[in-house]
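# Summary of structural features
Letter by letter, the chains look like this.
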Amino acid sequence: MLVVVVCAGCGGGDDAAGLTTLVRPAESLKIAPGVPVPIEWVSTGVGAATVDLLADVDGDPETTEDQLPLVSGNAAATAPTVFDWQTSGVPFGRYHVIARRVDTSGTHVSTAPGVVEVVQPLLKVENLKDGERLRYPLALLSGSVPGEVTQVSAGLPNEPKRTWPAFGGRFKTLVPLLPGENDVLLETGGVLHRFALGYKPMTTPYAVRFVYVLPADGEGRFDAPAGEPNDLASALRRIATAAELLQTFTAEALEAQGSGRRTFRIARDGSGAPIVQTFRSRLTTAQAHAMDGNALWSHFYSELESMPNRNGTIDVAIMSMTHFDPVRKKVLAHTALGGGRLGLFGSGGLHTWAQSLDEVAARFLDERRIDTEVLLDDSAFRGTHWANYATGLGATMHELGHCLSLPHPTDNMSVMSRGFDFINRTFMVQEPASKTSAGLAPVKPTDEPGWGRNGAVRLRFVRWLDADAVNYRVNMSPTLSETATEVVLSSMAGVRHISWNVNSDVLGHDEFLGEPPPTVTVRKQALRARFPGMATLRANVIDDDGNLGEWEVQLQE
């Protein structure tokens, strides 16, 4: 906004000489070093004139020893002129921005209405490096603040900032980035901070597609309490927001395990928003309600094969026809199953999911109890709205993990185990109380779910997490040969990881992060010693080019 400014020594009415007026900063700012300050000035009149821009400590333009030169000898122009003052390295202190104009009538000075105060930073981003480039647009910034700070606001310049809770000296924020370079602005305690991040969209042909499945006789409404939006448009917004969160979770959880910020690509529209497809099933609502989870998964696995780019897509599908029967106390058309190219989940708790990034914090802090007389409680018996959101979002990530070839680990905080119930902790510094817990604050990194070592190593090589198109050298599955005493696993690309499983549970793994060996020989005696009592094992192998192989190995002598 333009504010009338103080102008000293403006001359004696020489219309030809004109006038230069500073209009920004229009309000006083308190910033940490590095925050760019837009300075705008407007010149009127004609004739030769130059403008020097300075930051002045005492506000007196006559004393020059306390002035920092910002722009020297800029030719005055009648159009508004904007200069971004880069404040990195500027000493702490209060600065008045002044413009010194020199023209045929003499020297004229204008002072901006707002004062810029450069102060000690109040926050520190710890999970990302300043200037780091991400391959996904929803950035999670986590770090430290003074213990008395209760909130941090974050966003890009010229966009509304979102406010996120801080607690116990910790904060987390989510900020959507634009392609290219971004100045993320964070504010707490009245102090504005800058953190630079880049975003380069992924170009891999592989993608995870999010799908909302409609029955043959329905329009997409889902179970919800009175007053909660539950139409098709609301469902698509909730799933799109979930897609963004899961993409960011994948990257952050892998980075925590030293595997880099690898994640999957989401199909996006021209504005960069996630695309959630609707799919009209042949099943009626009654038919879906009569089927169990395995039958539903098999049916939709077959039906969804008709969608485009099936070979390059993993589908995460949410069924709209899920319904809690209050009479029988039974949920219908609900499951959580994943494998191959389909992760399938019910919509019984979809009403607890955030419809946009603006709702994420409130939804994860929502302590209201689920009305189990009319609604499904799928929260590991915790009974609250926030816990249903956490379990639903985390379980969706879990099923997608199975599609990425991950088994169930022994690590209880892995998202591939019951750690998915706590996916809220990745994004929040507080966890509210529930029917089974007293709450947790602040959430520490050790409290957050992750992939576990087995999954994190494996995901280093899964093709679906390559950021760009890769010309793979080998497109052939690894091989296994077995004798009475040995198991020999081979790959032309080199073996990277072997998971030793029973059913869908991992008992142990071997990783090869140096030069990948083309052949790995394992003695069965050694396997019997590692996994006592096991008559058979499943050997699940991934090689350096992301090719997969799985076999049953006999251990009985």
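The structure under discussion appears in the preceding block.
Residues numbered from 1 in each chain as written. Predicted model: local features only at pLDDT ≥ 70, side-chain atom pairs only at ≥ 80, totals over all residues. Heavy atoms only, no water.

## Looking at the side chain of Asn 424
Short version of the rule: Helix numbering and strand numbering both begin at the N terminus, where a helix is a DSSP run of H or I of at least 4 residues and a strand a DSSP run of E of at least 2. Side-chain atoms alone can form a polar contact between residues adjacent in sequence; in general such a contact is a pair of N or O atoms within 3.5 Å, and within protein one must be able to donate a hydrogen while the other accepts it. Contacts are assigned to residue pairs that have any heavy atoms within 4.5 Å of one another.
Its location among the elements puts Asn 424 in helix α6 (residues 424–427). Among the polar contacts listed, one links the side chain of Asn 424 to the side chain of Glu 431, at a separation of 3.2 Å. In contact with Asn 424, not counting residues within four places along its chain, are Phe 364, Trp 386, Ala 390 and Glu 431.

## Topic: the pattern of salt bridges
To keep it simple, the criterion reads: Whenever a carboxyl oxygen of Asp or Glu lies within 4 Å of a side-chain nitrogen of Lys or Arg, that contact is scored as a salt bridge. Type-normalised accessible area, obtained with a 1.4 Å probe on protein chains alone, sets the label of each residue: buried when under 20%, exposed when over 50%, and partly exposed for intermediate values.
Within the structure shown, the criterion is met by 35 salt bridges. The salt bridge involving Glu 126 is made with Arg 170; its shortest N-O contact spans 3.0 Å. Linking Glu 126 in the loop between β10 (124–125) and β11 (132–134) with Arg 170 in strand β15 (residues 170–176), this pair joins segments that are 44 residues apart in sequence. Arg 530 serves as the salt-bridge partner of Asp 510, at 3.2 Å between the closest nitrogen and oxygen. Taken together, the residues span a long stretch of sequence, with Asp 510 in strand β28 (residues 505–511) and Arg 530 in helix α8 (residues 524–530) at a distance of 20 residues. You can call Arg 530 partly exposed: its relative accessible area is 37%. Bridged by salt links that share partners, the residues Glu 132, Glu 252, Glu 255 and Arg 261 form one connected network.

## Points about the sheet that holds strand β7 (residues 81–85)
Stated formally: Strand pairing requires that DSSP identify at least two bridges connecting the strands. Every angle, taken between N-to-C directions, lies between 0 and 180 degrees, and every axis is a line fitted to C-alpha atoms, over only the stretch in contact when it is a helix.
Pairing is antiparallel across the open sheet formed by 3 strands, whose spatial order is β2-β4-β7. Each edge of the sheet is formed by a strand with only one pairing partner; in this case those strands are β2 (19–24) and β7. When the angles between neighbouring strand axes are averaged without regard to direction, this sheet yields 25°. Judged from the 5 bridges that link them, strand β4 (residues 37–44) and β7 form a sheet pairing that is antiparallel. Across the sheet, residue Ile 39 finds its bridge partner in β7, namely Phe 83.

## Description of the side chain of Asn 388
Here Asn 388 shows up in helix α5 (residues 385–403). For Asn 388, the side chain forms a polar contact with the main-chain oxygen of Thr 384, separated by 2.9 Å. Every residue in contact with Asn 388, bar those within four places of it in the chain, is listed here: Thr 352, Ile 370, Leu 376, Asp 377, Asp 378, Ser 379 and Gly 383.

## A closer look at the nonpolar core
Operational definition: Take the buried Ala, Val, Leu, Ile, Met, Phe, Trp, Tyr and Cys residues and link them wherever side-chain atoms come within 4.5 Å; each set so joined is a nonpolar core.
The biggest cluster of nonpolar side chains holds 58 residues, and the ones touching the most others in it are Phe 210 and Trp 451. Residue assignment for this core shows that the elements contributing at least two residues are β12 (138–144), β18 (207–214), α1 (232–256), β20 (313–319), α4 (360–364), α5 and α7 (452–458). Per-element accounting of this core gives the leading share, 10 residues, to α1. Those residues in contact with Trp 451, other than ones at most four positions away along the chain, are Phe 249, Thr 250, Ala 253, Leu 254, Met 397, Gly 401, Leu 406, Ser 414, Val 415, Met 416, Ala 456 and Leu 459. Counting 22 residues, the second-largest nonpolar core is a separate cluster that includes Leu 134, Tyr 136, Val 175 and Ala 251.

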